[in-house]
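What follows is the residue order along each chain.
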Amino acid sequence: MKKYGKISKKSPPLKRRKPSKRSAPAAKKTGWAQALLKAVWPQERDFMERPERYRYVRKLLPDTGCVFCSAAEEGAGPDSLVLAMSRNVMVLMNKYPYNTGHLLILPRAHTGELWKLSDAVSAEISGWLKVAAKILTDELGCAGLNLGMNHGAVAGAGIPDHLHWHIVPRWGGDTNFFPLIAETKVLPQTLEQTYERLRPHFAEIKL
Ligand SMILES: [Zn+2]
(Lines give C-alpha, C1' and ligand atoms only; values in the text may rest on other atoms or scores of the structure.)
Protein backbone atom coordinates (compact mmCIF):
# COMPACT_ATOMS: atom_id res chain seq x y z
CA MET A 1 0.00 0.00 0.00
CA LYS A 2 1.20 3.47 -0.78
CA LYS A 3 1.90 5.59 2.28
CA TYR A 4 1.33 9.34 2.39
CA GLY A 5 3.07 10.06 5.68
CA LYS A 6 5.96 12.44 5.98
CA ILE A 7 6.91 14.79 3.24
CA SER A 8 10.02 13.41 1.71
CA LYS A 9 12.84 15.92 1.59
CA LYS A 10 13.93 14.30 -1.57
CA SER A 11 11.18 15.46 -3.82
CA PRO A 12 11.27 13.80 -7.21
CA PRO A 13 12.81 15.99 -9.86
CA LEU A 14 10.54 18.12 -11.99
CA LYS A 15 9.34 16.32 -15.05
CA ARG A 16 8.99 18.14 -18.27
CA ARG A 17 7.22 16.66 -21.19
CA LYS A 18 9.53 15.86 -23.98
CA PRO A 19 8.87 18.10 -26.90
CA SER A 20 6.67 16.14 -29.22
CA LYS A 21 7.63 15.35 -32.74
CA ARG A 22 4.85 17.69 -33.74
CA SER A 23 6.15 20.80 -31.99
CA ALA A 24 9.90 20.25 -32.40
CA PRO A 25 10.13 20.36 -36.14
CA ALA A 26 7.56 23.17 -36.15
CA ALA A 27 10.42 25.64 -35.75
CA LYS A 28 11.64 24.71 -39.15
CA LYS A 29 8.29 25.36 -40.72
CA THR A 30 7.46 28.80 -41.88
CA GLY A 31 4.39 30.91 -42.51
CA TRP A 32 0.87 29.64 -41.92
CA ALA A 33 1.89 26.08 -40.95
CA GLN A 34 3.97 27.32 -38.01
CA ALA A 35 1.27 29.74 -36.92
CA LEU A 36 -1.33 26.96 -37.01
CA LEU A 37 0.78 24.59 -34.91
CA LYS A 38 1.32 27.25 -32.26
CA ALA A 39 -2.36 28.11 -32.18
CA VAL A 40 -3.65 24.54 -31.98
CA TRP A 41 -1.12 23.03 -29.57
CA PRO A 42 0.08 25.91 -27.39
CA GLN A 43 -0.15 23.74 -24.26
CA GLU A 44 2.64 21.51 -25.44
CA ARG A 45 5.14 24.16 -24.46
CA ASP A 46 6.39 24.46 -20.86
CA PHE A 47 4.15 21.81 -19.37
CA MET A 48 5.07 20.84 -15.84
CA GLU A 49 3.80 17.76 -14.03
CA ARG A 50 3.83 17.66 -10.23
CA PRO A 51 1.21 15.03 -9.26
CA GLU A 52 2.78 14.57 -5.84
CA ARG A 53 1.67 18.11 -4.92
CA TYR A 54 -2.01 17.31 -5.31
CA ARG A 55 -2.65 16.00 -1.81
CA TYR A 56 -1.18 19.18 -0.27
CA VAL A 57 -3.26 21.42 -2.49
CA ARG A 58 -6.40 19.57 -1.42
CA LYS A 59 -5.61 20.18 2.25
CA LEU A 60 -5.35 23.91 1.63
CA LEU A 61 -8.87 24.14 0.22
CA PRO A 62 -11.36 24.83 3.02
CA ASP A 63 -14.29 22.44 3.32
CA THR A 64 -17.11 24.96 3.72
CA GLY A 65 -19.99 22.65 2.80
CA CYS A 66 -22.85 23.52 0.48
CA VAL A 67 -23.98 27.17 0.53
CA PHE A 68 -27.47 26.20 -0.64
CA CYS A 69 -27.92 23.66 2.15
CA SER A 70 -26.66 26.27 4.65
CA ALA A 71 -29.19 28.80 3.33
CA ALA A 72 -31.98 26.21 3.65
CA GLU A 73 -31.03 25.58 7.27
CA GLU A 74 -31.02 29.32 7.99
CA GLY A 75 -34.50 29.81 6.49
CA ALA A 76 -36.04 32.88 4.87
CA GLY A 77 -34.53 36.28 5.66
CA PRO A 78 -32.28 39.01 4.29
CA ASP A 79 -29.11 37.37 5.63
CA SER A 80 -29.66 34.02 3.94
CA LEU A 81 -31.23 35.76 0.89
CA VAL A 82 -33.92 33.06 0.92
CA LEU A 83 -37.18 34.59 -0.34
CA ALA A 84 -39.47 31.60 0.09
CA MET A 85 -39.49 27.99 1.19
CA SER A 86 -42.05 25.33 0.49
CA ARG A 87 -42.07 21.65 1.42
CA ASN A 88 -39.35 20.59 -1.03
CA VAL A 89 -38.18 23.75 -2.77
CA MET A 90 -36.74 27.14 -1.99
CA VAL A 91 -36.33 30.47 -3.78
CA LEU A 92 -33.04 32.21 -3.23
CA MET A 93 -31.54 35.45 -4.48
CA ASN A 94 -28.26 34.92 -6.30
CA LYS A 95 -25.47 36.51 -4.27
CA TYR A 96 -23.56 37.20 -7.50
CA PRO A 97 -26.35 38.30 -9.84
CA TYR A 98 -26.07 38.73 -13.59
CA ASN A 99 -28.80 41.31 -13.30
CA THR A 100 -31.07 42.89 -10.66
CA GLY A 101 -33.53 40.29 -9.34
CA HIS A 102 -31.50 37.24 -10.45
CA LEU A 103 -33.13 34.38 -8.52
CA LEU A 104 -32.40 30.70 -8.02
CA ILE A 105 -35.10 28.05 -7.64
CA LEU A 106 -33.80 24.84 -6.11
CA PRO A 107 -34.78 21.63 -4.37
CA ARG A 108 -34.03 21.61 -0.66
CA ALA A 109 -32.49 18.16 -1.05
CA HIS A 110 -28.79 18.16 -1.94
CA THR A 111 -28.49 16.53 -5.34
CA GLY A 112 -26.79 17.41 -8.61
CA GLU A 113 -28.73 14.95 -10.78
CA LEU A 114 -32.00 16.05 -12.32
CA TRP A 115 -33.33 12.48 -12.67
CA LYS A 116 -33.20 12.00 -8.91
CA LEU A 117 -36.00 14.51 -8.33
CA SER A 118 -39.44 13.04 -7.72
CA ASP A 119 -42.41 14.16 -9.81
CA ALA A 120 -43.75 16.06 -6.80
CA VAL A 121 -40.52 18.05 -6.39
CA SER A 122 -40.32 18.73 -10.13
CA ALA A 123 -43.89 20.05 -10.09
CA GLU A 124 -43.10 22.25 -7.09
CA ILE A 125 -40.07 23.71 -8.87
CA SER A 126 -42.17 24.39 -11.95
CA GLY A 127 -44.74 26.15 -9.78
CA TRP A 128 -42.10 28.41 -8.22
CA LEU A 129 -40.62 29.26 -11.62
CA LYS A 130 -44.03 30.52 -12.74
CA VAL A 131 -44.60 32.46 -9.53
CA ALA A 132 -41.11 34.01 -9.66
CA ALA A 133 -41.54 35.01 -13.31
CA LYS A 134 -44.79 36.81 -12.47
CA ILE A 135 -43.45 38.56 -9.36
CA LEU A 136 -40.28 39.74 -11.12
CA THR A 137 -42.28 41.04 -14.06
CA ASP A 138 -44.85 42.83 -11.89
CA GLU A 139 -42.54 44.21 -9.20
CA LEU A 140 -39.36 44.98 -11.13
CA GLY A 141 -41.07 45.70 -14.44
CA CYS A 142 -38.67 43.59 -16.49
CA ALA A 143 -39.44 43.19 -20.16
CA GLY A 144 -38.30 39.56 -20.38
CA LEU A 145 -36.61 36.75 -18.47
CA ASN A 146 -33.89 34.17 -19.00
CA LEU A 147 -34.71 30.84 -17.36
CA GLY A 148 -32.50 27.78 -17.30
CA MET A 149 -30.08 25.47 -15.58
CA ASN A 150 -26.47 24.44 -16.08
CA HIS A 151 -26.32 20.69 -15.34
CA GLY A 152 -22.82 19.65 -14.27
CA ALA A 153 -19.58 21.58 -13.87
CA VAL A 154 -18.62 21.15 -17.50
CA ALA A 155 -21.89 22.85 -18.49
CA GLY A 156 -21.03 25.87 -16.34
CA ALA A 157 -22.71 25.08 -13.02
CA GLY A 158 -20.95 27.01 -10.24
CA ILE A 159 -22.27 24.59 -7.61
CA PRO A 160 -22.78 21.38 -9.60
CA ASP A 161 -23.64 19.19 -6.61
CA HIS A 162 -26.88 21.02 -5.82
CA LEU A 163 -29.30 21.60 -8.71
CA HIS A 164 -30.50 25.16 -9.21
CA TRP A 165 -32.54 26.92 -11.88
CA HIS A 166 -31.62 30.49 -12.77
CA ILE A 167 -34.22 33.10 -13.48
CA VAL A 168 -32.76 36.40 -14.68
CA PRO A 169 -34.88 39.49 -15.39
CA ARG A 170 -34.04 41.35 -18.60
CA TRP A 171 -34.64 44.90 -19.71
CA GLY A 172 -34.03 46.38 -23.14
CA GLY A 173 -30.43 47.63 -23.33
CA ASP A 174 -29.40 46.06 -20.01
CA THR A 175 -26.09 44.80 -21.37
CA ASN A 176 -23.22 47.14 -22.01
CA PHE A 177 -19.48 47.00 -22.44
CA PHE A 178 -18.74 46.61 -18.73
CA PRO A 179 -19.32 42.85 -18.33
CA LEU A 180 -17.30 42.27 -21.48
CA ILE A 181 -14.18 44.20 -20.62
CA ALA A 182 -14.15 44.28 -16.84
CA GLU A 183 -16.14 41.15 -15.89
CA THR A 184 -18.15 43.51 -13.74
CA LYS A 185 -21.88 43.99 -13.83
CA VAL A 186 -23.27 47.31 -12.68
CA LEU A 187 -26.57 46.85 -10.83
CA PRO A 188 -28.92 49.74 -10.12
CA GLN A 189 -30.06 48.23 -6.78
CA THR A 190 -28.31 46.56 -3.86
CA LEU A 191 -29.20 42.95 -3.01
CA GLU A 192 -30.85 44.16 0.20
CA GLN A 193 -33.04 46.66 -1.65
CA THR A 194 -34.16 44.04 -4.14
CA TYR A 195 -34.80 41.57 -1.31
CA GLU A 196 -37.02 44.07 0.49
CA ARG A 197 -39.05 44.65 -2.66
CA LEU A 198 -39.52 40.98 -3.52
CA ARG A 199 -39.92 39.37 -0.10
CA PRO A 200 -43.52 40.53 0.64
CA HIS A 201 -44.73 39.05 -2.65
CA PHE A 202 -43.08 35.69 -2.09
CA ALA A 203 -44.20 35.57 1.55
CA GLU A 204 -47.83 35.59 0.35
CA ILE A 205 -47.43 32.47 -1.79
CA LYS A 206 -48.29 29.02 -0.50
CA LEU A 207 -47.26 26.18 -2.80
ZN1 LIG B 1 -26.63 21.40 -0.95
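What counts, and at which threshold
Residues numbered from 1 in each chain as written. Predicted model: local features only at pLDDT ≥ 70, side-chain atom pairs only at ≥ 80, totals over all residues. Helix = DSSP H or I, 4+ residues; strand = E, 2+ residues; numbered from the N terminus. Buried ≥ 20, exposed ≤ 12 C-beta atoms within 10 Å, placed from the backbone. Pairing = 2+ DSSP bridges. Core = buried A, V, L, I, M, F, W, Y, C linked by C-beta atoms within 7 Å. Contact = placed C-beta atoms within 7 Å. Expected span 1.5 Å × (residues − 1). Arc of directions from axis to C-beta.

A. Focus on the environment of His-166. Mapped onto the elements, His-166 comes out in strand β7 (residues 165-170). By C-beta crowding, His-166 is classed as partly exposed, having 18 other C-beta atoms within 10 Å. Considering only alpha carbons, one finds His-166 and Pro-97, 69 residues apart in sequence, at a separation of 9.9 Å.

B. The arrangement of the pairing of strand β5 (residues 103-107) in detail. Of all five residues making up β5, five are buried, and the element is well covered by its neighbours. In β5, alternate side chains face the same way, and those of Leu-103, Ile-105 and Pro-107 on one face and Leu-104 and Leu-106 on the other are all buried. Here five bridges tie strand β4 (residues 89-93) to β5, and the two strands are oriented antiparallel to one another. Each residue of the ladder has a partner; that of Val-89, found in β5, is Pro-107. Where β5 and β7 come together, three bridges link them in antiparallel fashion. Bridge pairing in β7 places Ile-105 opposite Trp-165.

C. Representation of the nonpolar core in the model. Ranked by internal contacts, the top residues of the largest apolar core, which has 27 residues, are Val-91, Leu-92, Ile-105 and Leu-106. Elements supplying a minimum of two residues to this core: α3 (67-74), β3 (82-85), β4, β5, α4 (119-140), β7 and α6 (191-204). Apart from the residues within four sequence positions on either side, Val-91 is in contact with Leu-83, Ala-84, Leu-103, Ile-105, Trp-128, Ala-132 and Phe-202.

D. How the structure looks around α4. The end-to-end C-alpha distance of α4, which contains 22 residues, comes to 31 Å, matching closely the 32 Å that a straight helix rising 1.5 Å per residue would cover. Of all the residues in α4, the buried ones are Glu-124, Ile-125, Trp-128, Ala-132, Ile-135 and Leu-136. The buried residues of α4 occupy one face: seen down the axis, they fall within an arc of 100 degrees. When the buried face of α4 is taken as reference, the exposed residues oriented beyond 90 degrees from it are Asp-119, Lys-130, Lys-134 and Asp-138. Looking at the packing, one finds that the buried side of α4 touches β4, β5, β6 (144-148), β7 and α6. Looking one or two residues beyond α4, the residue adopting positive phi is Gly-141, at roughly 65 degrees.

E. Geometry of α6. Given a rise of 1.5 Å per residue, 14 residues ought to cover 20 Å, and the 20 Å separating the end C-alpha atoms of α6 matches this to within 8%. Taken together, the buried positions of α6 are occupied by Thr-194, Leu-198 and Phe-202. Buried residues along α6 sit in contact with β3, β4 and α4.

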